[in-house]
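For reference, the chains in residue letters:
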Amino acid sequence: MAKTMTKEEKYRQMIETPVNLLIPRLAVPTIISMLVTSIYNMADTFFVSQIGTSASGAVGVIFSAMAMIQAVGFTLGMGSGNNISRALGNREEERASAFAATGFFTAGIIGILFFVFGTMFSQQMVYFLGATKTIAPYAQDYARYILIAAPFMMCSFVMNNILRAQGNATLAAVGITTGGILNMILDPLLIFGFGMGISGAAIATMASQMVSFGILLYQCNCHGDCIKIQFSCFRPKLKIYGEILHAGLPSFCRQGLASAAAVVLNFAAGPYGDAAIAAMSIVTRFMMFINSSLIGFGQGFQPVCGFNFGAGRYDRVLEAYWFCVKVAVIMLTAFGTVAFLFSRPIITAFRREDLEVIRIGTLALRLQLLTMPIQAWVIMVNMLTQSIGYGFRASLVAMGRQGLFLIPSLLIFPKFFGVSGVQIAQPLADVFTFLLATGIVAGVLKELNTLKKDGCKEEAGGLQ
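Residues numbered from 1 in each chain as written. Predicted model: local features only at pLDDT ≥ 70, side-chain atom pairs only at ≥ 80, totals over all residues. Heavy atoms only, no water.

## Describing the overall build of the protein
Along the protein, the regular secondary structure elements total 17 helices and zero strands. Relative to the globule expectation of 23 Å for 464 residues, the C-alpha radius of gyration of the protein, 22 Å, shows essentially globular dimensions. The C-alpha extent of the protein, read off along each of the three principal axes, is 75 × 45 × 40 Å. The buried share of the protein, reckoned over its 464 residues, is 60%. If you take every contact in the protein between residues at least 6 apart in sequence, the share linking residues at least 24 apart comes to 84%. (Helix = DSSP H or I, 4+ residues; strand = E, 2+ residues; numbered from the N terminus. Rg over C-alpha atoms; globule rule 2.2 N^0.38 Å. Buried < 20%, exposed > 50% of the residue type's maximum accessible area, 1.4 Å probe, protein only. Contact = heavy atoms within 4.5 Å.)

Next up, the structure:
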């Protein structure tokens, strides 16, 4: 059994271990958990798609609601996590505990409210999210259990980020991965074995989220090198929330606008039938799977970045960033190339019986895969700016892909190009976001280089 590190040993590890060794060490468990999460999201889509095209479309509709749940969870999780990293880098443990507790309990309260109001207005909700009359009954069945899981999902996102922020990515991965594997086992068992249809898929997701929640809570409170989540440290104060939101706003922009964009996508695809909604839902889930490996890698970078920024090691922040950019571009280019070659078989695997789903989905997937290298750049720019507390600039980058550019594209291009306009909207948004991110990161890197030079001058002065 591996020896538990003391907090001092953990601090030394984060500011002294070479970044090309430290980041992969932290990233591997996170990549695994992200891939497993994406696989079980795809498993839901895959197994439900066997029921029918309308059922497949329902998963895409409720994905919008799940994206909003994730948006709140990631906002509080990343917001508290980034502050925790910088606080620990500055040796402020009491402050770090306040961020952990406040993020966790706030997520639980919001999750309960989401469940109550979502259940009361479920019919109105599914139509608001873009369901057609044929998709709506399936969407309501699926939503019923997803809403029950909302508080557990939100709190799990927060705990996952709290653990990663302390450099405990392996502990975070155990909870997420266990829940994901359980979900993949329960999906076919409940959908087909017990004949529960789309409700079975939702129950499988609900059960897996509850199990993940329990494991993550145990990991947070029962390991000596982890900050414990205690109600006595809960600080529902404007100052604390302001700092959490400042650091977490990019996540809210990214995830919240992803939810809004998913709704707009459903409405944009709706005029072309359930097949178009189902096709774009499948493409979205598969692209999440491709990107999950990079996001997992980037999440290994974030605590290193936050710790070293808090400790004044700007040289390591820059070194870590450029290391991750190189790995990210190579990684996504390789994955994108392979997926491009097998685009049609990938879509066919989900809806073999529906040629229209295959036709629409194949072209949409290929177009999105062409932008993989620039997506890698955008994601790493977003993670750098968010991790060092540059909330406004990180928010602009996060808003670009799903909000500033995608939503207008979905509202404009289908009017002129029909279903082709739906298919080209995301790739065009990626190109414009790349240009925005490049402009923003140029200024950030210049500032970091200035801080690095100033730090070197102070160190040299101290030696004289």
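## Some remarks on the packing of helix α3 (residues 53–89) against helix α10 (residues 274–310)
Running from N to C, α3 and α10 point in directions that differ by 5°, and their axes come no closer than 11 Å. Considering the angle they form, α3 stands roughly parallel to α10. When its residues are assigned to classes, the contact of α3 with α10 shows 13 nonpolar, 13 polar and three charged. (Axes fitted to C-alpha atoms, helices over the stretch in contact; angles between N-to-C directions. Parallel < 35°, antiparallel > 145°, perpendicular 65-115°, else oblique. Nonpolar A, V, L, I, M, F, W, Y, C, P; charged D, E, K, R; others polar.)

## Focus on the packing of aromatic side chains
Within this structure, the stated rule accounts for 16 aromatic pairs. When the ring of Tyr321 is compared with that of Trp322, the centres are 5.1 Å apart and the planes differ by 65°; the resulting orientation is edge-to-face. You can call Tyr321 buried: its relative accessible area is 0%. Members of the aromatic cluster, joined through ring pairs, are Phe104, Phe105, Phe152, Phe213, Phe231 and Phe234. (Phe/Tyr/Trp six-rings, centres within 6.5 Å; stacked < 30°, edge-to-face > 60°.)

## Remarks on a nonpolar patch on the surface
A cluster of nonpolar residues, Ile109, Ile112, Leu113, Phe115, Val116, Phe117, Met120, Phe121, Ile148 and Met210, forms a patch on the protein surface that exposes about 870 Å² of accessible area. Residue contributions to the nonpolar patch peak at seven residues, all from helix α4 (residues 93–120). (Patch = residues over 30% accessible without salt bridge, like charges linked within 9 Å, V, L, I, M, F, W, Y side chains within 5 Å. Areas by Shrake-Rupley, 256 points an atom, 1.4 Å probe, with all protein chains shown as cover. Salt bridge = Lys/Arg side-chain N within 4 Å of Asp/Glu carboxyl O.)

## A few points about the pattern of salt bridges
Applying the stated rule across the entire model yields seven salt bridges. Taking the shortest distance from any N to any O, the salt bridge between Arg144 and Asp141 comes out at 3.6 Å. Taken as a pair, Arg144 and Asp141 lie in helix α6 (residues 136–165) at a separation of three residues, close to a single helical turn. For Asp141, a relative accessible area of 27% puts it in the partly exposed group. Ionic pairing is found between Asp315 and Arg313, a salt bridge with its closest N-O pair at 3.1 Å. Judged by its relative accessible area of 31%, Asp315 is partly exposed. Here the residues in one salt-bridge network are Glu92, Arg95, Lys239 and Glu243, joined through shared partners.

## Focus: the nonpolar core
In terms of nonpolar packing, the biggest core is built from 144 residues, with Ile62, Ile84, Phe301, Tyr321, Leu384, Ile388 and Leu448 touching the most fellow members. Examining the composition of this core, we find that 18 residues originate from one element, α10, more than from any other. Among all residues touching Ile62, those that are not within four sequence positions of it are Val126, Ala139, Tyr142, Ala143 and Ile146. (Core = buried A, V, L, I, M, F, W, Y, C linked by side-chain atoms within 4.5 Å.)

## Side note on the environment of Val116
For Val116, the position within the fold is in helix α4. By relative accessible area, which is 35% here, Val116 ends up partly exposed. C-alpha of Val116 to C-alpha of Ala150: the two residues are 34 residues apart in sequence and 10.0 Å apart in space.

## What about the side chain of Thr348?
Along the chain, Thr348 falls in helix α12 (residues 343–350). Side-chain polar atoms of Thr348 contact the backbone oxygen of Arg344, separated by 2.7 Å. (Polar contact = N/O pair within 3.5 Å; in protein donor to acceptor, adjacent residues only side chain to side chain.)

## Considerations on empty space enclosed by the protein
Enumeration according to the criterion identifies two cavities of 30 Å³ or more in this entry. In this structure, the second largest cavity occupies an estimated 70 Å³ of space. Around the second largest cavity sit Met78, Gly81, Asn82, Ser85, Asn161, Arg164, Ala165, Gln302 and Pro303, which together line it. Secondary structure elements with two or more residues in the lining of the second largest cavity: α3, α6 and α10. Ranked by residues supplied to the lining of the second largest cavity, first place goes to α3 with four residues. Grouping the constituent residues of the lining of the second largest cavity by class yields three nonpolar, five polar and one charged. (1 Å grid on protein atoms, 1.4 Å probe; cavity = no way out; pocket = protein on both sides within 12 Å on 5 of 7 lines; lining within 4 Å. Points joined across faces, edges and corners; volume = space filled by probe spheres on them.)

## Re the side chain of Ser343
Relative to the helices and strands, Ser343 resides in helix α12. Looking at Ser343, the relative accessible area reads 0%, which means it is buried. Ignoring sequence-local partners within four residues, the contact set of Ser343 consists of Thr362, Leu365, Arg366 and Leu369.

## Some points on the packing of α12 against helix α13 (residues 355–369)
A pair of packed helices is characterised by two quantities: the angle between their axes and the separation of those axes. Contact pair α12 / α13: the axes reach a minimum separation of 9 Å and the direction vectors enclose 135°. By the angle between their axes, α12 is oblique relative to α13. Once α12 is placed against α13, the crossing between them reads as right-handed. Residue-level inspection shows Ser343, Arg344, Ile346, Ile347 and Thr348 of α12 in contact with α13, the latter providing Val357, Ile358, Gly361, Thr362, Leu365, Arg366 and Leu369. Split into classes, the residues belonging to the contact of α12 with α13 amount to six nonpolar, four polar and two charged. (Left-handed = near helix turned anticlockwise from the far one by under 90°.)

## Some words on the confidence of the model for the protein
Interpreting fine coordinate detail is not advised for predicted regions of low pLDDT. Here the protein averages 86 in pLDDT, and 96% of its residues register 70 or above. Helix α1 (residues 7–16) is the least confidently modelled element of the protein, averaging 76 in pLDDT, while α13 averages 94, the highest of any element. (pLDDT = per-residue confidence, 0-100.)

## Things to note about the environment of Asn183
Note on placement: Asn183 falls in helix α7 (residues 169–193). Of the residues examined, Asn183 reaches a relative accessible area of 0% and is grouped as buried. Along the chain, Asn183 and Met206 lie 23 residues apart, while their C-alpha atoms are 8.6 Å from each other.

## A word on the state of the cysteines
Evaluated as defined, the whole model comprises zero disulfides. Not engaged in a disulfide, the cysteine Cys233 finds its nearest cysteine sulfur in Cys220; these two sulfurs lie 13 Å apart. Overall, Cys233 belongs to the buried group, its relative accessible area being 14%. Cysteine Cys305 is unpaired, with the sulfur of Cys324 as its nearest cysteine sulfur at 8.8 Å. What makes Cys305 buried here is its relative accessible area of 1%. (Disulfide = S-S within 2.5 Å.)

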